[in-house]
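Notes for the structure review
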2 protein chains.
Amino acid sequence: MKVFSQEPLRTLLPLQFEVGFSGGLEEKPTNYVPAEVPGAVQLDWARAQGWPPHWVANNFENFGWMEDKHWHYRTTLPRVEKTNDQRVYFVSHGIDYHFQIVIDGTLVLDQEGMFSKVELDVTDYPPGTEFSIRVRPVPKFAGAHRPKAQAARSVKPSVSYGWDFHPRLVPLGMWDSTHLELRHKTSILSTNIQTQLDMQAARADLRCNVIASGQSEGTSVAWDLSDPDGNMVASLRMPLINGAACLQTTLQDPRLWWCNGQGKPELYLSAVCLLDSLGQCLDRRESRLGIRRVRLVMNEGAWLEPSAFPKSRSTPPMTIELNGRRVFAKGSNWVCPDIFPGTLKRDHYEALLGQAHAAHFNILRCWGGAAVNKESFYDLCDELGLMVWQEFPLACNTYEDDPRYLEVLNTESRSIVRRLREHACLAMWCGGNELFNWWSAMTDQHLALRLLNANCLELDPQTPYLPTSPVMGVGHGDYRFRDDEGKEVFQMFANASNTAYTEFGVPGPASVSLLESFIPKNELFPPRRGTSWETHHAFGAWFVAPESWLFTGLIEEYFGPCKNLEELVQRGQLLQSEGYKCLFEEARRQKPYASMALNWCYNEPWPTAANNSLVSWPAEAKPALQSVAEACRPTLLSAKIPKFRWEPGETFSVDLSVLHDAHVALPAQTVTVFLAIEGQPELAIGQWDAPETTANTNINGPSVCTTLPSCLEGIFRLILRSSHVGEADLTSQYRLCGPVRGRG
Amino acid sequence: MKVFSQEPLRTLLPLQFEVGFSGGLEEKPTNYVPAEVPGAVQLDWARAQGWPPHWVANNFENFGWMEDKHWHYRTTLPRVEKTNDQRVYFVSHGIDYHFQIVIDGTLVLDQEGMFSKVELDVTDYPPGTEFSIRVRPVPKFAGAHRPKAQAARSVKPSVSYGWDFHPRLVPLGMWDSTHLELRHKTSILSTNIQTQLDMQAARADLRCNVIASGQSEGTSVAWDLSDPDGNMVASLRMPLINGAACLQTTLQDPRLWWCNGQGKPELYLSAVCLLDSLGQCLDRRESRLGIRRVRLVMNEGAWLEPSAFPKSRSTPPMTIELNGRRVFAKGSNWVCPDIFPGTLKRDHYEALLGQAHAAHFNILRCWGGAAVNKESFYDLCDELGLMVWQEFPLACNTYEDDPRYLEVLNTESRSIVRRLREHACLAMWCGGNELFNWWSAMTDQHLALRLLNANCLELDPQTPYLPTSPVMGVGHGDYRFRDDEGKEVFQMFANASNTAYTEFGVPGPASVSLLESFIPKNELFPPRRGTSWETHHAFGAWFVAPESWLFTGLIEEYFGPCKNLEELVQRGQLLQSEGYKCLFEEARRQKPYASMALNWCYNEPWPTAANNSLVSWPAEAKPALQSVAEACRPTLLSAKIPKFRWEPGETFSVDLSVLHDAHVALPAQTVTVFLAIEGQPELAIGQWDAPETTANTNINGPSVCTTLPSCLEGIFRLILRSSHVGEADLTSQYRLCGPVRGRG
């Protein structure tokens, strides 16, 4: 990232905190231990006690008592070298969750909410002043009918109260960057840059609102804008009037921000400088700008419905239009990458997001059960062309019209919108997860969701807003390779007709090496209930499916008994890989009526033994990620397969398609279909002369049919090869299951 | 209505206006004619020219040219006798649509929007000052692809641009009360009374916010509250601080406002007085208050859906809960009672609403195609226990994210919400009509609807908000006794499962005497296209059904050729009566999953020759209103009938129910079923011992079956009689059609 100047105008000074706990807000801890900030009080305490990692075996259970303690951070304000024109601020980007700040024995702040930044002018306190933060216990709604409902009256991510992939472990403490900041008394309080791209994507109007503190006479604002190559394209200057300035410029034929697979995610650089009467820079704020327009437009064909009387409404629009181009959204549900968001750093995000980009994803749904991410997450999404569907922290609970809750939600949601609205990656806001289903029991009438809609409208009107997912027409689930009625992934979407598939899951086990890292040796094989396998979600994780998420019974039904852990893992991962491939391709086959495929889920907060995730904690891809990457290639050959298990002599039939999301025409090609049975030569079973197709348009081909040979045994492969000669390899392969010796 | 004091503290002085037209805003008219205010410029001009009524024959066509003129009202300010402490205001409650006010040659106001009250202090102008209002031509969106789309960038009711029951005739001018007002310089600017009833309906918290102008020292506010019998229940007094006061009180076991059929619509009386330091009243505002709580709650059974994966959301809640009690909403769609809202007076509303009340209606949907009603409409609904579903003026158009439009919509919607929010009758807000269907092409993402949601949330958070009708699960249509595929009203809802039926229509002709009043004698019979029958909507009114709304072909198919107008009208009205009876009863039979039945439509803006309306213009009930009243009785016997036309020897079978909305238990009873064929004794065909039922609960009974006798001919009746002895007669009758001589 190029910047206009490296010279720091604000100096960040670290603060060293200690932390301890007590039984009450006013009661002092008897013991303090060193605190790592950002982090979590639980991790500080465990570190000081020399505890083994919380993510190994059932160690997390030792942390339970910490929820109900009051945690006290303390430090003393250091001597800060500064000029008379400078001020010193305490700045924290996030303190989890309800806390007080006490300076020199005086309460200066009582805040509920972890997403609103804290800024306190501490210039006038003498060095050595005691500075403390008292964090209240984990908020728990007294009327909760189940553990996660304890989060139902707070803007605290509900996932940490326990989920099918998350143990009960609720973080507390300073979770985002926190420091003293030395800045000029005349400094930038806020900047807000709005970009508006016209319908032809030929002209962008940019407006920058600046608000400054401590204005002195003759202060002005300079705004420099450089293009993605570093060439200055605009340089404006305006006097500050009543502490504010509004600068405006227009870019002709701007370089556009595109999502992954559609073009480059071009980023302009903006630098706002506060200048004194002599032109000297007092403060500066730099940021990157993507010029793009995102809308949710009607899915093709959706206006034709409903057709008969009595007539309801048409489904809500779920097709992303980016810079005037309809984009099929391919991606995943992003959950918390760690139980403790305080531990998250750019490199962790980078490892996860780099793999999402490589999988041809263009969108991530930042699920409302988890915390809103740190800035570096959105910076990376900006850079990688990953669109972000951002939810507010509401999930699977009834958030009632409680005045205190609504007040905190109002403040927190405004902070979240103000922080994220300028990121090019931000494609839509969403109220939260699965709120309009019985297990959440919220409706369009709940004030929380009307408030979020109103706040997004006021602060970021150009970004689409969804009240929740799923909305009408959108599908969530299933989350299994096969359901209790015997329906496999191959039928799961085949008879559905949704505008968007925004959650669907196929579970798979973690790698053997990861399993060995957190499951005690004596518990490793065979996996049993009542061991670390169960606390790490291999059994009884989802109440609907007692075998979730390992499904050993299903694995053995398809493949016979597993000899060892390696075999179990390999087979479970094969089901996950083929299941996900099938679902992503089927959702894409339904384009343009369908416009989104987002699997549940991408990552995970700790090492699960088995889970729907594509990437194990912290950032280790499961084999399924590679299958998904193949299914998400801009262009590929695809087969619609009726089922997983086949017998010799059975009639085998698949339907062929070319799935084509790329924004170029695709020439005609010949597709040849093969069966590959182990130990046998490949068998050509059909051919299709696929015509050329225009940009962003699939082609459906014929069915190919054959009688399966008597030599069919074990895993066999279906292979689709293309005569297409280009950069992209359009070949697709599917693994299916023939008779297996020893199968039950 | 009792009031505390009749002594007027504000004096209203009439103003006499003249009006004329010109080609431009700055161009003066050559001619002025006397203006009736409130009214419409069109009516003033026609009156001055001695034109025959616009509603007779095709006379309305003469008004077309007036749309594009600039209309100029003028008057001179009179001498007003007043004390030094008094001020004189020009007050208009509504000027339609985009206008300027010029006083003494100076432009003092330029306003777009007919729903925001105008108040101008004119105290300091000398008597004789010229006062003029320049009304711009009818707003027309230049990009309109059809006539009604000309309203797509303004907050002007779209109905007047032409509809299937409304000719093209777009009113302009002062449409609501307008006068000079003499008041004390210290006067009430606004009061806002909020009532909050607790969940047990045992306690109501009331808050009154008062804002006053021209405060002098020692001014205070007194708030007196008396119960529906006139007994004072609270008397508060607070000093005015910075021109504002907030008074608060609590009522224990308040007398509740109930809708029609559920209890009395009890109304408290509030009087807010501004008192000077000596306790003398300077200004007073009186209003009535209904203590009630309205919510939209989930329809019973709706949380169980959807059941299968991929799973979408549950349907939005459409059951009205009033004071904790679920109420089946029975009513109709209220359209404009006149082409010119300026002509509407309390007595016209009273005639219409009294009949709605007598028909056992408890709700009216004030449809978004029409103008928001005058105050007396809501006063009457308060008194009669008629809940109001109030839409904003958006209907069947795409209201795009245009900044100017959104600004006007913002102002106008805030004025509408502020004016109506204190009415007890106001049960819900709604964005407008059929906006989420292809013919409107709006979606949840349109800023207009997000803005309306946000404004309602801010100004009236306790009242439910719907973005439009229909929403998911809600049904609109059909609008015919029989559709093109031969499906009759009897099948229309029988296979549907909607949460609410908020529009459904069956057309019927006007009475012979009304038809004779507006169709020239030589056109009267037989009805023909190209005559006043067609301009009054008897033919080609609805593009889907060329025979709409008279359906002569269908009438003759059932009954044979019509000899004269009387026979045609009688038969058409019979179909309407029986069609509506069937639909209301079927919707009620689907309770509790279904919770609303509102037919399209109640009234009409001018005399239609045929229409779905129950009441002809101005307030003449069609026979169908009586049938609907029978179908909406709190308790009645009901038969589910499979079809209209029957043959001798055919097996006749109906399903029996008791429909019971009353809030009392109903004892067991014996139901006997008869067939009545003209000229034959009544034939008992079945009996049912119906068990007792609890409050607000239907009972479904058995089927009753018989072979139709050979004497079946002409109209015959099915009669259900009950052994129930009570105030209410539960008997129901249905007319059906046997062989008719001369039928085609």
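Residues numbered from 1 in each chain as written. Chains lettered and ligands numbered in written order. Predicted model: local features only at pLDDT ≥ 70, side-chain atom pairs only at ≥ 80, totals over all residues.

**Topic: the overall build of chain A**
On a plain count of helices and strands, chain A comes out with 11 helices and 41 strands. For chain A, the spread of C-alpha atoms along the principal axes amounts to about 90 × 65 × 55 Å. Across the 744 residues of chain A, 50% fall into the buried class. Excluding contacts between residues fewer than 6 apart, the proportion of contacts in chain A whose partners are at least 24 apart in sequence is 73%. (Helix = DSSP H or I, 4+ residues; strand = E, 2+ residues; numbered from the N terminus. Buried ≥ 20, exposed ≤ 12 C-beta atoms within 10 Å, placed from the backbone. Contact = placed C-beta atoms within 7 Å.)

**Quick look at the sheet that holds strand β15 (residues 220-226) of chain B**
Whether parallel or antiparallel, the strands of a sheet pair through hydrogen bonds between backbone atoms. All names here are of chain B. Pairing is antiparallel in the open sheet, where 4 strands are placed in the order β16-β15-β18-β19. Each edge of the sheet is formed by a strand with only one pairing partner; in this case those strands are β16 (232-239) and β19 (281-289). Between one strand axis and the next, the sheet turns by 15 degrees as a mean value, whatever way the strands run. Note that β15 and strand β18 (residues 268-275) share 7 bridges and pair antiparallel. Opposite Ser-220, over in β18, you have Leu-275 as the bridge partner. (Pairing = 2+ DSSP bridges. Axes fitted to C-alpha atoms, helices over the stretch in contact; angles between N-to-C directions.)

**Points about the domain arrangement of chain A**
By domain assignment, chain A separates into domain 1 (11-183), domain 2 (186-294) and domain 3 (635-737). Relative placement of domain 1 of chain A and domain 2 of chain A: their C-alpha centres are 35 Å apart. (Domains from an automatic or database assignment.)

**With respect to the interface of chain B and chain A**
Between chain B and chain A, the residue contacts involve 42 residues of the former and 42 residues of the latter. The set of elements that each furnish at least two residues to the side of chain B that touches chain A consists of α5 (447-459) and β28 (474-476) of chain B. No other element matches α5 of chain B, which puts 6 residues into the side of chain B that touches chain A. Classifying every residue of the side of chain B that touches chain A gives 26 nonpolar, 11 polar and 5 charged. (Nonpolar A, V, L, I, M, F, W, Y, C, P; charged D, E, K, R; others polar.)

**Details of the relation of the copies chain B and chain A**
For the pair chain B and chain A, the relating rotation is 180 degrees, the translation along its axis is 0.0 Å, and the fit reaches an RMSD of 0.0 Å. Such a combination of turn and shift is consistent with a two-fold rotation axis. For chain B, the minimum C-alpha distance to the rotation axis belongs to Ala-454 of chain B and amounts to 2.4 Å. Residue by residue, 100% of the interface of chain B is reproduced at the interface of chain A, so both copies engage with the same surface. (Least-squares fit on C-alpha atoms with pLDDT ≥ 70 in both.)

**What to know about helix α2 (residues 346-358) of chain B**
Residue and element names in this part refer to chain B. For α2, with 13 residues, the first-to-last C-alpha span of 18 Å sits near the 18 Å given by 1.5 Å per residue. Residues of α2 that are buried include every one of Tyr-349, Leu-352, Leu-353, Gln-355 and Ala-356, and no others. One side of α2 holds all its buried residues, which, seen down the axis, span an arc of 155 degrees. Where α2 is buried, its residues contact β23 (329-334), β24 (363-366), α3 (375-384), β33 (615-616), β34 (620-621) and α11 (623-631). Note on α2: the residue one or two positions beyond its end, His-360, has a positive phi of about 65 degrees. (Expected span 1.5 Å × (residues − 1). Arc of directions from axis to C-beta.)

**Points about the environment of Val-471 of chain B**
Residue and element names in this part refer to chain B. Following the sequence through the fold, Val-471 ends up in the loop between β27 (465-466) and β28. Its 24 C-beta neighbours within 10 Å are what place Val-471 among the buried residues. In this structure, the C-alpha to C-alpha distance between Val-471 and Phe-436, residues 35 residues apart in sequence, is 7.7 Å.

**Some thoughts on the sheet that holds strand β4 (residues 70-76) of chain A**
All names here are of chain A. Spatial ordering of the open sheet is given by β3-β2-β4-β10-β7-β8, a layout of 6 strands whose pairing is antiparallel. Each edge of the sheet is formed by a strand with only one pairing partner; in this case those strands are β3 (33-35) and β8 (106-112). Between one strand and the next, the sheet's axes are offset by a mean angle of 25 degrees, whatever the strand orientation. Bridge count between strand β2 (residues 17-22) and β4: 5 bridges; the pairing is antiparallel. In the sheet register, Ser-22 faces β4, and the bridge partner there is His-70.

**Considering α5 of chain B**
Taking 1.5 Å per residue as the helical rise, α5 of chain B with its 13 residues ought to reach 18 Å, and the 18 Å between its terminal C-alpha atoms agrees with that figure. For α5 of chain B, the complete set of buried residues consists of Ala-448, Leu-449, Arg-450, Leu-451, Leu-452, Asn-453, Ala-454, Asn-455 and Cys-456 of chain B. Among the structural elements, α5 (447-459) and β27 (465-466) of chain A together with α4 (403-420), β26 (426-430) and β27 of chain B are those in contact with the buried residues of α5 of chain B.

**Concerning the packing of helix α2 (residues 346-358) of chain A against helix α3 (residues 375-384) of chain A**
All names here are of chain A. Interaxial distance between α2 and α3 falls to 9 Å at its minimum, and their mutual angle equals 30 degrees. Judged by the inter-axis angle, α2 sits roughly parallel to α3. The chirality of how α2 crosses α3 is right-handed. Residues Arg-346, Tyr-349, Glu-350, Leu-353 and His-357 of α2 pack against Ser-376, Phe-377, Leu-380, Cys-381 and Leu-384 of α3. Looking at the contact of α2 with α3, its residues break down into 6 nonpolar, 2 polar and 2 charged. (Parallel < 35°, antiparallel > 145°, perpendicular 65-115°, else oblique. Left-handed = near helix turned anticlockwise from the far one by under 90°.)

**Brief notes about the nonpolar core**
Val-388 of chain A together with Val-388 of chain B are the most contacted members of the largest nonpolar core, which totals 409 residues. Beyond its immediate chain neighbours, meaning those up to four positions away, Val-388 of chain A contacts Leu-364, Cys-366, Tyr-378, Cys-381, Cys-425, Leu-426 and Ala-427 of chain A. (Core = buried A, V, L, I, M, F, W, Y, C linked by C-beta atoms within 7 Å.)

**Section: unusual backbone geometry**
For the peptide bond that leads from Glu-305 of chain B to Pro-306 of chain B, omega is -10 degrees, which places it in the cis range. Cis geometry is found at the peptide bond from Trp-617 of chain B to Pro-618 of chain B, where omega equals -5 degrees. Mapped onto the fold, Pro-618 of chain B is located in the loop between β33 and β34. At Asn-323 of chain A, a position not held by glycine, the phi torsion is positive, near 50 degrees. Tracing the backbone through its elements, the reader meets Asn-323 of chain A in the loop between β21 (319-322) and β22 (325-327). The phi torsion at Ala-201 of chain B lies on the positive side, around 55 degrees, for a residue other than glycine.

**Considerations on the environment of Ala-359 of chain B**
Residue and element names in this part refer to chain B. Note on placement: Ala-359 falls in the loop between α2 and β24. Judged by the 25 C-beta atoms lying within 10 Å of it, Ala-359 is buried. Residues Ala-359 and Ala-245, 114 residues apart in the sequence, show an inter-C-alpha distance of 43 Å. The residues touching Ala-359, leaving out its near neighbours within four places in the chain, are Leu-625, Val-628, Ala-629 and Cys-632.

**Section: the confidence of the model for chain A**
Residue and element names in this part refer to chain A. Put simply, chain A has an average pLDDT of 96, and 98% of its residues get 70 or more. Counted against residues more than four places away or in other chains, residues 1-6, with its pLDDT under 50, gives 7 contacts. We note a pTM of 0.97 for the whole complex and an ipTM of 0.96 for its interfaces. (pLDDT = per-residue confidence, 0-100.)

**Here's the deal with the environment of Leu-598 of chain A**
Residues and elements named next belong to chain A. The residue Leu-598 is located in strand β31 (residues 596-599) in this model. What makes Leu-598 buried here is the crowd of 27 C-beta atoms within 10 Å. The spatial distance from the C-alpha of Leu-598 to the C-alpha of Phe-361 is 9.1 Å, given a sequence separation of 237 residues. Apart from the residues lying within four places of it in its own chain, the contact partners of Leu-598 are Ala-329, Gly-331, Ser-332, Asn-333, Ile-363, Arg-365, Tyr-501, Thr-502 and Glu-503.

**Things to note about the packing of helix α9 (residues 552-559) of chain B against helix α10 (residues 565-589) of chain B**
All names here are of chain B. Interaxial distance between α9 and α10 falls to 10 Å at its minimum, and their mutual angle equals 90 degrees. Classified by the angle between their axes, α9 and α10 sit roughly perpendicular to one another. On the side of α9, the interface is formed by Thr-552, Ile-555 and Phe-559, while α10 contributes Leu-568, Arg-571, Gly-572 and Leu-575. For the contact of α9 with α10, the per-class residue count stands at 4 nonpolar, 2 polar and 1 charged.

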